[in-house]
Every structure is written in C-alpha cells, then in structure tokens.
Amino acid sequence: MGVQSNSSAAPAQQGLVFRRFSDGSRSSQRAGGAIVAAALEPLEPRHAALARQERYWRRTYGTHLRHWVEDAIAAPLAVPASAAGALAMAGHSLRWLQAGEELSLPQAMQAPVADTAGELLTHTLRGAGAAPPAPWTVPYRGTRLSGDALRRRIDAWEQRGIIEASAAAALHRCSRNPDWFDLSDRTLVLLGAGSEAGPLPWLARWRANLLAVDLTGAALWTRIGRSVEAGNATLHLPVPRRVRKADSWVDLAGADLLLQTPQIARWVCSFGGALDIAALAYADGERHVRLVAAMDLVQQAACATRPDTSLAFLATPTDVFAVPRATALATMEAFRRRPVISRAAQGPLRLAYGKRFFQPNVSALLAAPDGTEYGVVDSLVLQQGPNYALAKRLQQWRALAARAGGHRVSLNVAPSTTTASVLSNRALAAGFAGAGLFGIEAFRPETTSALMAALWVHDLRCDEAAANPARALAHPLELFMDNACHGGMWRCPYVPRTALPFAAALGWVRRKIPGASG
C-alpha cells in the first residue's frame, strides 16, 4: 500500500510540526479538514463548507476526498487554483519548532545559517560493476522476465485489467528502448532512498548519478551501499562531518527530513545541473503528513532554484481517482455480468448490512465541460486512516501545481504491494492474500520496484508521457490516469473495501491451510 521507508522517530515538539490551535492542540485532523476545504473552495464552495464543518473527520474524510475528485471533473479550469489553495493551507497548517522558537515554514527555510556545524557534507560511493547499464528485467513469481516473456506478461496484465493500456504501452516502449536506461546524464534525488519498493536497486545498475536521503541507521545504509557497490552508479549521501579513513561511513550517513529540512534542501540544491527529485519516504500516522510536507519543501526549493527540476511520486491505488471512460465502462460491465450465484449470495448481505457490501465500483459516468466522460473509483482502505489519505493527496496537488508551472512530473499509480508494513497488518495481509477472487493482484516489492523504476525512466525520456508539461491533456486529472498500474483496483466490479472483507476471509484460509487455494 504505497512505497515504504523507515518511519521517523522525531519527537512531536520539534522540527516540522502542526500549528497549535486555539485549544492548545496540534491536531492533524483539524488541519486535514482545513486543507481539503481549501482545495474544494475553488471547485464547489458548498462542499468546502461541509468539509470545514465536519466534526467526525476520521470517519467521513473519504466523502470529502470523493467530492474533490467529482468537483474537479466538473471544473477542470479551477483545478490549478484548487491545488494551489490546498498547498497554501498545508503550509499555513505547519510550523517549524526549534529550541522553543516557532517559525513559519518560509522563515525556517530562508533563515541564515547560524551554525555551519549543522550543515550537511557529502560522502560519495561509486559502483564497481560493469560499465554498461544492466538490461531492464522484471522479477515475477520466482522468475526474471525479459524479452518476449516480459512482453507477454505486460499484455496479460493489461488484458486482466491489472494495469491500464497506457501503462502497458509505456512499459513496451521501455522494452523497445534499452538506451533510455543509461542514466549517466541524469541526477536523481531519492528522498526516502531505502524505500522497500523504491527504485534504488535498479537505478544503481543504470549508471545514474544519485543523491540519497534517508534516516541514519547502519543496517539501512549497509543495504544501500551494497546495492551501489554491486552496480555502476555514483551515489552521494549526506553526513554531518567529513568521513575519515578511521570512520565507518554507514554510522554517519543519513539525515532526518523532519528535523533537518532546511539543511537537506540546501544540500540537495548545492549540486549542479538539472535534478529529478522523487518523494518516496513513508511514516506512520500523522508523521506521514509532516514527512510529505518536508519532502515538498525540498522539492519546492529545487524548483525555485532551477526551472528544469522534475518531480516524481508514486501514488497509492487505495485512493479516489477519476478514470477514463473506457475503464469505467469495463468496470460497470463487470458488475453487470457478475455470476448469477454471486448475485444471489450478495443480495441478502447487502440488505442485511445496509448495502455496505458489494457496492458497484463505478455507478455512473460524469461529464467534464467539454463533454469528455470519466468514472470515479473509490478504493480508499479506511483502516489506513485520514492522515495517509491526506499525505498522498498532498502529493497529487503538488504534482498538478508543478506541472501547471512547467515542470515535468512523474506521478504513477503503483500496485498494492506486500511490503513489510502491509504484512504487519493482519487484516490487510489477509485481504490481499484473497484479493485475486475479485481480480486484484498484490505485487511483491521487487516486482513493483522494477515496474515503477522503468515508468519513471519512461516519464523522463518520452515526450508522449503525460509527465511532459508540453503535452496537452484533455483534463488535468489525466496526469493520474496515465501509466496507472493499480493492480486491478480500478476494474474490480465492487468498491474494493466492500468486497475485501470476504477476500480477507478467503486469504486467512489460504494462509492457514496449505493447499487451500480456492
């Protein structure tokens, strides 16, 4: 469920924090309602008012996020203002707290350096592997796919509705253009470099120039170092002081995005040339929102310094999305053609439980002002909570604002992935173990990593990609539809959370009883 990285253990009362409300609290829930209301205001003031007045945000946040998608479909010209308003409110909702002094974020980012000992220095690793970039392959269920086998698998995923046609076309382009993977001309910044399903292991094989930011921790940086040493990339990492021969660099490496945001931004911007900056880090709960805000500050600093900066994000499939008309129609048809036995079993459940189960994933088409029709899929997993949803939506708003400002932006929907954090949640783990019953496929981290790394390269190299701001889109939200690898979430006949409890029951049986594969 999204790309994972080590979560920060930063104390709540220092560094990047939520602003204090009149009652003395630093509430992420109240901030979230205000941010979503600000996003809704240019689209539909009535819905903005409802978000501001919401008293039960934790239970109802999904309704307001769905309102945003539906209202954005109807008002494409107002989407840039909506994204800008949300980001401005997010900035207003956060403060920088240090040594008892509370600053606004612009003040913190622009403050002069008071102590040069607090600035970050650079340690560099160089891979010892073969010079040519390694061929792009995809690890999948114990095999490594390449050539015709990879092309057949991409086609199979498209036919099964696991990825969209645009994603299949992009992956086929990657297969036909192996020269794209020589990244010696790019400087890629990984905020959350140790992300479990992140692209680092692949970029390290493709001659990339890398800037890696993640928390301190010898185990984490030893793993990162092994990837780099086995490849042919050059990796720069932040350290608090010059690494001497007697030092173990893995003990010094790293920086905390929540506590050292200004220093990290200055360190990143100190490198010359165009930067491609990926926001990959993840944390639990409200820290995720603060962490996304910290990465956003670094990205903003780079964009302000160099207009040729590009941004990259991985979107979660467990969100609300506008989808193309063809996708929506296929999803509606899948619901209409569900087996008769299935309908007979689902009917009593829906009546008994207030229609909470087996709701249709797409119930209608919505028209934009130019007549283009879209569907809306709601794949929110409510157990992930409003902070997770807000953090991922903030990245969508930044992507929209940056692309409107002329920056290339790669934001691709990644499939649900069986990362450690997902497997640690028994309900989610069981749900994805049985999700195949409803046409949903959860991917292993190494498969997600290979696919999403290739799509990032595609978005950097291919001018046909929606990532390219010079390509006209019929609607701004089509940025999120392009290259979507949603794992079947968009084409499931049912709203996923209304079916996954039954998938979880099947998954529990499969996990407990060997051979019970259904």
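Residues numbered from 1 in each chain as written. Predicted model: local features only at pLDDT ≥ 70, side-chain atom pairs only at ≥ 80, totals over all residues. Heavy atoms only, no water.

Considering helix α9 (residues 218-230)
Then comes step 1: If you check α9, its first and last C-alpha atoms are 18 Å apart, about what 13 residues at 1.5 Å a residue would give, namely 18 Å.
Then comes step 2: L220, W221, I224, G225 and V228 are the residues of α9 that are buried. Burial along α9 is one-sided: seen end-on, the buried residues are contained in an arc of 130°. Every exposed residue of α9 that faces more than 90 degrees away from the buried side is listed here: A219, R226 and A230.
Then comes step 3: Its buried side turned inward, α9 meets β4 (121-126), α8 (200-203), β8 (209-213), β9 (234-239) and α10 (249-252). (Helix = DSSP H or I, 4+ residues; strand = E, 2+ residues; numbered from the N terminus. Expected span 1.5 Å × (residues − 1). Buried < 20%, exposed > 50% of the residue type's maximum accessible area, 1.4 Å probe, protein only. Arc of directions from axis to C-beta. Contact = heavy atoms within 4.5 Å.)

Some details on the pattern of salt bridges
Then comes step 1: Overall, the coordinates contain 26 salt bridges when judged by the stated rule.
Then comes step 2: Residue R444 is joined to E446 by a salt bridge in which the shortest nitrogen-to-oxygen separation is 3.6 Å.
Then comes step 3: For R444, a relative accessible area of 44% puts it in the partly exposed group.
Then comes step 4: Under the relative-accessibility criterion, E446 is labelled partly exposed at 36%.
Then comes step 5: Where salt bridges share partners, they join R26, R95 and E102 into one cluster. (Salt bridge = Lys/Arg side-chain N within 4 Å of Asp/Glu carboxyl O.)

Describing the packing of helix α1 (residues 28-40) against helix α15 (residues 385-404)
Then comes step 1: Two elements in contact, α1 and α15, have axes separated by 11 Å at closest approach and are oriented at 35°. Between α1 and α15 the crossing geometry is left-handed. Counting all contacts with α1, which are made through S28, Q29, G32, I35, V36 and A39, the residues of α15 involved are P386, N387, L390, L394 and W397. (Axes fitted to C-alpha atoms, helices over the stretch in contact; angles between N-to-C directions. Left-handed = near helix turned anticlockwise from the far one by under 90°.)

A few points about the sheet that holds strand β12 (residues 320-324)
Then comes step 1: The sheet built from three strands is open, its strands ordered β12-β14-β13 with antiparallel pairing. Each end of this open sheet is capped by a strand with a single partner; those strands are β12 and β13 (366-367).
Then comes step 2: Pairing geometry for β13 and strand β14 (residues 373-378), over two bridges, is antiparallel. Along β14, the bridge assignment pairs A367 with E373.
Then comes step 3: Across the sheet, helix α3 (residues 57-74) lies against β12, β13 and β14, angled at about 175° from β14, the strand it touches most.
Then comes step 4: The sheet contacts of helix α13 (residues 325-336) involve β12 and β14, and relative to β12 the element is tilted by about 100°. (Pairing = 2+ DSSP bridges.)

Quick word on the nonpolar core
Then comes step 1: In this structure, L16, W68, L257, V268, L394, W397 and L477 are the most contacted members of the largest nonpolar core, which totals 107 residues.
Then comes step 2: With ten residues, the top contributor of residues to this core is helix α12 (residues 286-305).
Then comes step 3: Listed in part, the 58 residues of the second largest apolar core include A204, L220, L237 and M452. (Core = buried A, V, L, I, M, F, W, Y, C linked by side-chain atoms within 4.5 Å.)

Some points on the side chain of E441
Then comes step 1: Considering the arrangement of structural elements, one finds E441 in the loop between α17 (426-433) and α18 (445-461).
Then comes step 2: Accessibility expressed as a relative area gives 5% for E441, which makes it buried.
Then comes step 3: In terms of polar contacts, E441 uses its side chain to reach the side chain of R141, at 3.4 Å.
Then comes step 4: When neighbours within four sequence positions are excluded, E441 is seen to be in contact with Y140, R141, W157, R160, I162, S416 and G487. (Polar contact = N/O pair within 3.5 Å; in protein donor to acceptor, adjacent residues only side chain to side chain.)

Brief notes about the packing of aromatic side chains
Then comes step 1: Summed over the entire model, instances satisfying the criterion amount to 14 aromatic pairs.
Then comes step 2: Ring centres of F321 and W490 lie 5.5 Å apart, and the angle between their planes is 50°; on these two criteria the pair is classed as tilted. Residue F321 is located in strand β12, and its partner W490 is located in the loop between α19 (478-481) and α20 (496-512); the two are separated by 169 residues in the primary sequence.
Then comes step 3: A relative accessible area of 0% places W490 in the buried class.
Then comes step 4: Among the aromatic side chains, those forming a connected cluster through ring pairs are W136, F181, W202 and W206.
Then comes step 5: Here the basic side chain of R59 rests over the ring of Y56, its NZ or CZ set 4.5 Å away from the ring centre.
Then comes step 6: A cation over an aromatic ring shows up here: R338 above the ring of F335, its NZ or CZ 3.9 Å from the ring centre. (Phe/Tyr/Trp six-rings, centres within 6.5 Å; stacked < 30°, edge-to-face > 60°. Lys NZ or Arg CZ within 6 Å of the ring centre and 35° of its normal.)

Focus: the pairing of β8
Then comes step 1: Among the five residues of β8, four are classified as buried, and the element is accordingly described as predominantly covered.
Then comes step 2: Inspection of the sheet shows strand β7 (residues 187-191) paired to β8 by five bridges, in the parallel sense. Bridging across to β8, L188 finds its partner in L210.
Then comes step 3: Pairing analysis gives three bridges linking β8 to β9, with the strands arranged parallel. Bridge assignment links L210 to a residue of β9, and that residue is L235.
Then comes step 4: In this view, the connection linking β8 to its parallel neighbour β9 by way of α9 has right-handed handedness. (Right-handed = clockwise from strand over helix to strand, strands pointing away.)

Considerations on the sheet that holds β7
Then comes step 1: One open sheet holds the seven strands; their spatial order is β4-β9-β8-β7-β10-β11-β15, and the pairing between them is mixed. With one partner strand each, in any of the chains shown, β4 and β15 (409-413) form the two edges of the open sheet. For this sheet, the mean angle separating the axes of adjacent strands, direction not counted, is 20°.
Then comes step 2: The sheet strands contacting α12 are β7, β10 (276-279) and β11 (310-315), and the helix crosses β10 at an angle near 165°.
Then comes step 3: Packing against the sheet, α18 makes contact with β7, β10, β11 and β15, and its axis sits at approximately 145° to β15.

Quick word on α15
Then comes step 1: A rise of 1.5 Å per residue sets the reference length of α15, with its 20 residues, at 28 Å; its end C-alpha atoms lie 29 Å apart and thus fit the reference within 8%.
Then comes step 2: The buried fraction of α15 amounts to 18 of the 20 residues, a majority that puts the element mostly inside the structure.
Then comes step 3: Two residues or fewer after α15 comes G406, characterised by a positive phi angle close to 95°.

Looking at the environment of H236
Then comes step 1: Its place among the elements puts H236 in strand β9.
Then comes step 2: For H236 and L65, which are 171 residues apart along the polypeptide, the C-alpha to C-alpha distance reads 38 Å.
Then comes step 3: Residues in contact with H236, not counting those within four places in the same chain, are T122, H123, T124, L210, L211, A212, W267 and F271.

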